[in-house]
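# Fold and contact review
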Amino acid sequence: MYPDGLKYSKEHEWVRIEGDTATIGITFHAQNELGDVVYVELPKVGSKFNAMAEFGVVESVKTVSTLYCPISGEVVEINGSLAKTPEAVNKDPYGTGWMIKVKIGNIADADKLLSVSEYKNLIGVK
Amino acid sequence: MGEMLSSIGKRSVDELFADIPDNVKLKGLKGIPDGCSEVELKNGLASLSRKNAPAGSCVSFLGAGSCEHFMPSVVNHIISRSEFYTAYTPYQPEMSQGILQAIFEYQSMICDLTGMDAANASMYDGATALAEAVSASICHTGKKKVLISKAVHPNYRQVVRTYGEGFGWEILELDYDNTGVTDIKVFEKMLDDKVACVVLANPNFFGNIENIKVFTSAARSKGIMSIVSVDPISLGILKRPGDLGADIVTGEGQSLGLPRNFGGPCLGIFAVKKEYLRLMPGRIVGETIDKEGRRGYVLTLQAREQHIRREKASSNICSNEALCALAAAVYLAVMGKQGLREVANQCLQKANYLKEKISRIKGYSIAFKAPSFKEFVVKAPSAIGKINRMLAKKSIIGGLDLGQYYPEFKNHMLLCVTELTKKEGMDKLASLL
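Residues numbered from 1 in each chain as written. Chains lettered and ligands numbered in written order. Predicted model: local features only at pLDDT ≥ 70, side-chain atom pairs only at ≥ 80, totals over all residues.

## Overview of the pairing of strand β7 (residues 248-252) of chain B
Residue and element names in this part refer to chain B. With five of five residues buried, β7 is to be regarded as a mostly interior element. As paired elements, strand β6 (residues 225-230) and β7 share four bridges and run parallel to each other. Directly across from I227, in β7, lies its bridge partner I248. Pairing geometry for β7 and strand β8 (residues 268-272), over five bridges, is antiparallel. By the bridge assignment for β8, T250 is matched with F270. (Buried ≥ 20, exposed ≤ 12 C-beta atoms within 10 Å, placed from the backbone. Helix = DSSP H or I, 4+ residues; strand = E, 2+ residues; numbered from the N terminus. Pairing = 2+ DSSP bridges.)

In structure tokens, the structure reads:
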């Protein structure tokens, strides 16, 4: 439910760093709290964000929640399939439920993120 | 009570009403003594009210946003049903399928009428609906400049300014040309990448028909949203704003089976193209299926609203005009496509008849060359106030004194003709001018 090899943010996003690209989505805990996701508002390719800036919005049946970009960078790809199948965020949050890919601006931002165990601690799971 | 007053720093209850102008405050009823019996009171009040000339007893040529249209009696019959009339916020789907379905039908008919993809369950009135459309476009584009035609209802423009004050919207007005429609050349000069939206009314306040398409095309090329405020009756014959490139359509639905009622309650129409669905403020009824696969209706997309989204929402509206929307739905269903077309056609033909007739009266002229729908502006040889007082003595309510709203139009009158206006009434007016 909380894969190793990923970094986590306090706002419940996960980051997969591969070279100078980071793939970002929301965690199992986040999608569970939100309930059925019905819509994801993603930024345009080319948008630039500072660490922990708002990059979009995830809407579920019961609420609308802000998405924060854990690592600074420029958006190079967005997951267009979420427009048709937003439920992928619930069913496969770390796989087909990915949201954006950014070209990393400052790799040092990753140092401020949480490890698996730190994140599990934050949300109170073992 | 003295204690309550002093704790808020007031000396009398009257001080709480200080905002109301003194000249409209009631200072006792003339001719009705204190301590009279119920019968004496009723008689006294009845004789006072007989001094009034209720609109129904006069021939009226006054429009400017609220006018007299046919109200099929079935409208009142249906909205008076206590299930509709007394229900407050009837949106719990388990027990409100009737009203939810009726509002869904209303929304669907508004989409049909305007050529848009989605409509909400209504706003308070045409003016606030327009202000909300501006707000939505500003939220969406992230820009702060608004270009609004001077030919949009002056009260609507004032409401937009009121909404924008706290937010710092930069509201710029587009001039009209001498034919009586918004000047496209002025618009093209003012277009830039800081503009969120362009706002037009069709027909405009002068009654003239705007060239919507030329504005929406120019706006689209710069990523500017187009907002069109309409008279729904005119859509019985005019092209739909949705087909002419409008991104948001708003309007006043009073003409759809609602009485004038001293100016309210009104009905704010709000409809959008598909891509702006989530921008739409207020309540939206959606169609869905229950766990047994049966069709049902619910309020939907509620997570966008400010009671959940808080400072991210574009609006703080948490209500609608359900009963008025129901009345409009009944009106549209009863009149149907043919009926609405007939109403619109009669408005057009009758207004043109009066326009022609007045143009031939010595001292009077038609102010604008542009084609008009049910309202038009005439230039009179003397002050409108004086003319209207003379007409009132003959049980005719004259048109709006346009000079009160546009100083350049002193001695100009805005006349409104509807399907209910009789030829005799128009002939009588012409004979008195």
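Still more to cover.
## Thoughts on the domain arrangement of chain B
Residue and element names in this part refer to chain B. The domain architecture assigned to chain B consists of domain 1 (55-72 + 336-432) and domain 2 (73-329). Put simply, the middle of domain 1 and the middle of domain 2, counted by C-alpha atoms, are 27 Å apart. On the domain 2 side, the residues contacting the 28 residues of domain 1 number 26 residues. Ranked by the residues each element gives to the side of domain 1 that touches domain 2, the list is headed by helix α11 (residues 322-359), at seven residues. For the side of domain 1 that touches domain 2, a count of residues per class yields 18 nonpolar, five polar and five charged. (Domains from an automatic or database assignment. Contact = placed C-beta atoms within 7 Å. Nonpolar A, V, L, I, M, F, W, Y, C, P; charged D, E, K, R; others polar.)

## A look at the environment of V64(A)
Relative to the elements of secondary structure, V64(A) occurs in strand β7 (residues 64-69). Note: C-alpha distance between V64(A) and Y39(A) (25 residues apart in sequence) is 9.2 Å.

## Overview of the nonpolar core
Residue and element names in this part refer to chain B. Ranked by size, the top nonpolar core spans 111 residues in total, and within it I103, L130, V134, C197, V199, A325 and A328 carry the most contacts. The element contributing the most residues to this core is α11, with 18 residues. Counting residues domain by domain, this core receives three or more from each of domain 1 (55-72 + 336-432) and domain 2 (73-329). Apart from residues lying up to four places away in sequence, V134 is in contact with V146, V160, C197, V199 and I227. (Core = buried A, V, L, I, M, F, W, Y, C linked by C-beta atoms within 7 Å.)

## Comments concerning the confidence of the model for chain B
Mean pLDDT over chain B stands at 93; residues scoring 70 or higher make up 99%. Scoring of the predicted complex yields 0.88 for pTM and 0.73 for ipTM. (pLDDT = per-residue confidence, 0-100.)

## Describing the sheet that holds β7(A)
All names here are of chain A. Strand order in the open sheet made by the three strands is β4-β6-β7, with antiparallel pairing throughout. Each edge of the sheet is formed by a strand with only one pairing partner; in this case those strands are β4 (37-41) and β7. Here the strands of the sheet are splayed against their neighbours by 25 degrees on average, with no regard to which way each runs. Where β4 and strand β6 (residues 53-60) come together, four bridges link them in antiparallel fashion. (Axes fitted to C-alpha atoms, helices over the stretch in contact; angles between N-to-C directions.)

## What about the sheet that holds β7(B)?
Residues and elements named next belong to chain B. With mixed pairing, the seven strands of this open sheet are ordered in space as β2-β8-β7-β6-β5-β3-β4. The sheet is open, and its two edges are formed by β2 (118-119) and β4 (170-174), each paired on a single side. Relative to strand β5 (residues 195-202), strand β3 (residues 145-149) runs parallel, the two sharing four bridges. Bridged to K145 within β5 is V195. Along the sheet, helix α7 (residues 154-165) contacts β3, β4 and β6; its crossing angle with β4, the most-contacted strand, is approximately 160 degrees.

## A word on helix α5 (residues 97-114) of chain B
Residues that lie three or four places apart on an α-helix share one face, since the helix turns once every 3.6 residues. If you check α5(B), its first and last C-alpha atoms are 26 Å apart, about what 18 residues at 1.5 Å a residue would give, namely 26 Å. Within α5(B), the full set of buried residues consists of I99(B), L100(B), A102(B), I103(B), F104(B), Y106(B), Q107(B), I110(B), L113(B) and T114(B). (Expected span 1.5 Å × (residues − 1).)

## Thoughts on the environment of A87(B)
Among the secondary structure elements, A87(B) is positioned in the loop between α4 (82-85) and α5. Classification of A87(B) as partly exposed rests on a count of 16 C-beta atoms within 10 Å.

## Looking at unusual backbone geometry
Residues and elements named next belong to chain B. Backbone torsion omega between N202 and P203 reads -5 degrees, so that peptide bond is classified as cis. Geometrically, the link from G264 to P265 is a cis peptide bond, its omega value of 0 degrees lying close to zero. Counting through the fold element by element, P265 comes out in the loop between β7 and β8. For N261, which is not glycine, the phi torsion reads 50 degrees and is therefore positive. Along the chain, N261 turns up in the loop between β7 and β8. One non-glycine residue, F262, lies in positive phi territory at about 60 degrees.

## A short note on the packing of α5(B) against α11(B)
Residue and element names in this part refer to chain B. Relative orientation of the contacting elements α5 and α11 amounts to 60 degrees, with a least axis distance of 9 Å. Taken together, the axis directions place α5 and α11 in an arrangement best described as oblique. Helix-helix and strand crossings are classified by hand; for α5 and α11 the assignment is left-handed. Here I99, A102, I103, E105, Y106 and M109 of α5 lie close against α11, whose contacting residues are A322, A325, L326, A328, A329 and L332. (Parallel < 35°, antiparallel > 145°, perpendicular 65-115°, else oblique. Left-handed = near helix turned anticlockwise from the far one by under 90°.)

## As for the pairing of β4(B)
All names here are of chain B. Two elements, β3 and β4, share five bridges in a ladder whose sense is parallel. Paired with L147 across the strands is L172, a residue of β4. For the segment spanning β3, α7 and β4, crossover handedness is right-handed. (Right-handed = clockwise from strand over helix to strand, strands pointing away.)

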